[in-house]
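Observations on the three-dimensional arrangement
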Amino acid sequence: MKMSANTAMVKFIAVAVVLFYISVISVDAGHHRRGKELLDTDDSDFFRCKQASRKSCCGPDNAMKRFGDKDKVAADECYAQVAEKFAKTTVTTPKQDLFSSEAVKVTKKKQFCLHECIGKKNKLLTEDGSLNKTFIADYAMKSIFKEQWQKQIGQKALDKCLEETYIPWPAEETENKCNPVYVQFQHCMWFEYESNCPSDKIKLTKKCEKTRNRYRMQKSPSN
């Protein structure tokens with residue numbers, strides 16, 4: 001028995017709708033999972049690649065190093081402020097427990113607070129810690145991405161990262177609360193800049209090849 005054109009179309013639409021909802025559920029579940037992992041003790045990508053240790057395999061200079069605070073004036077001030085803030089509320093962790101779950105969580109909190117402080121002092125963030133998009137774009141294109149090839153991949157990174165949806169601070173974590181957006185934004189910028197590096201600017205060291213393999217894994221649809 002042959003299927004009519006209308007019946008076939010109805011079945012096609014039904015299948016498409018089912019697949020759409022499956023994809024939405026999967027994405028939503030992934031977002032909630034990552035949200036819970038914001039302060040988990042297993043290091044997430046944007047935390048492992050925090051600005052202090054981030055290396056570049058693209059071009060002769062590390063363009064993204066100390067993004068927004070090249071002279072480290074704000075960083076020095078913020079280190080002191082964050083240290084004082086946590087000293088008042090955080091119980092000192094014994095030396096043997098330096099890598100305990102709680103110690104790692106506190107370290108993450110300090111990083112989020114530190115970078116929020118630096119971002120605010122340099123006008124890259126608004127008062128509530130959200131991205132000051134216009135200022136960031138202007139600053140990056142004038143002060144960071146100076147060569148034409150840098151401007152091309154830098155603009156691409158800005159287009160993506162300024163509109164990215166980042167994980168907010170967990171609602172249940174009320175002590176030493178800070179906005180974690182800036183750390184995630186910086187990782188996004190670094191990742192997009194490095195993974196879109198022109199072939200003639202790529203560093204061909206073994207260490208950089210390992211780093212590029214991690215880029216490919218992170219960009220894989222299965223991740």
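In this report, the structure presented in the accompanying data block is examined. Quick caveat: nothing in here was measured; it's all calculated off a predicted structure. (Residues numbered from 1 in each chain as written. Predicted model: local features only at pLDDT ≥ 70, side-chain atom pairs only at ≥ 80, totals over all residues. Heavy atoms only, no water.)

1. As for the overall build of the chain
Let me state the cut-off plainly: Helix numbers and strand numbers start at the N terminus; a helix is a DSSP run of H or I with at least 4 residues, a strand a run of E with at least 2. Between buried and exposed lies partly exposed: a residue is buried under 20% and exposed over 50% of the maximum accessible area for its type, with that area taken using a 1.4 Å probe on protein chains only. Note on contacts: a residue pair is in contact if any heavy atoms of the two residues lie within 4.5 Å. In this description, accessible areas are obtained by the Shrake-Rupley approach with a 1.4 Å probe, and a residue is regarded as covered only by the protein chains that are shown.
When helices and strands are counted, the chain shows eight helices and zero strands. Listing every helix and strand of the chain by position from the N terminus yields α-α-α-α-α-α-α-α. Per-residue burial over the chain gives 37% buried out of 223 residues. Considering only residue pairs separated by 6 or more positions, the chain has 71% of its internal contacts joining residues 24 or more positions apart. When the accessible surface of the chain is split by element, carbon and sulfur atoms take 57% of a total near 14100 Å².

2. Structural notes on the packing of aromatic side chains
Put simply, the rule is: By convention, a stacked pair of Phe, Tyr or Trp rings (six-membered ring in the case of Trp) has centres within 6.5 Å and planes under 30 degrees apart, an edge-to-face pair has planes over 60 apart, and any other such pair is tilted.
Scanning the entire structure with this criterion turns up six aromatic pairs. Ring centres of Phe67 and Phe185 lie 6.2 Å apart, and the angle between their planes is 70 degrees; on these two criteria the pair is classed as edge-to-face. Taken together, the residues span a long stretch of sequence, with Phe67 in the loop between α2 (45-48) and α3 (73-89) and Phe185 in helix α7 (residues 181-195) at a distance of 118 residues. A relative accessible area of 1% places Phe67 in the buried class. Each ring, one from Trp149 and one from Tyr193, has its centre 6.3 Å from the other, and the planes form 40 degrees; the classification is tilted. With Trp149 in helix α6 (residues 148-161) and Tyr193 in helix α7, this pair connects stretches of sequence that are 44 residues apart. Both residues of the pair, Trp149 and Tyr193, belong to the buried class.

3. Comments concerning the state of the cysteines
Convention followed: To count as a disulfide, a pair of cysteine sulfur atoms needs to be within 2.5 Å.
Under the definition given, this model contains five disulfides. Note that Cys78 is cross-linked by a disulfide to Cys117, the S-S spacing being 2.0 Å. Disulfide Cys78-Cys117: torsion about the S-S bond near -80 degrees, hence left-handed. Residue Cys78 is located in helix α3, and its partner Cys117 is located in helix α4 (residues 101-121); the two are separated by 39 residues in the primary sequence. Cys117 matches Cys78 in its accessibility class, with the two residues each being buried.

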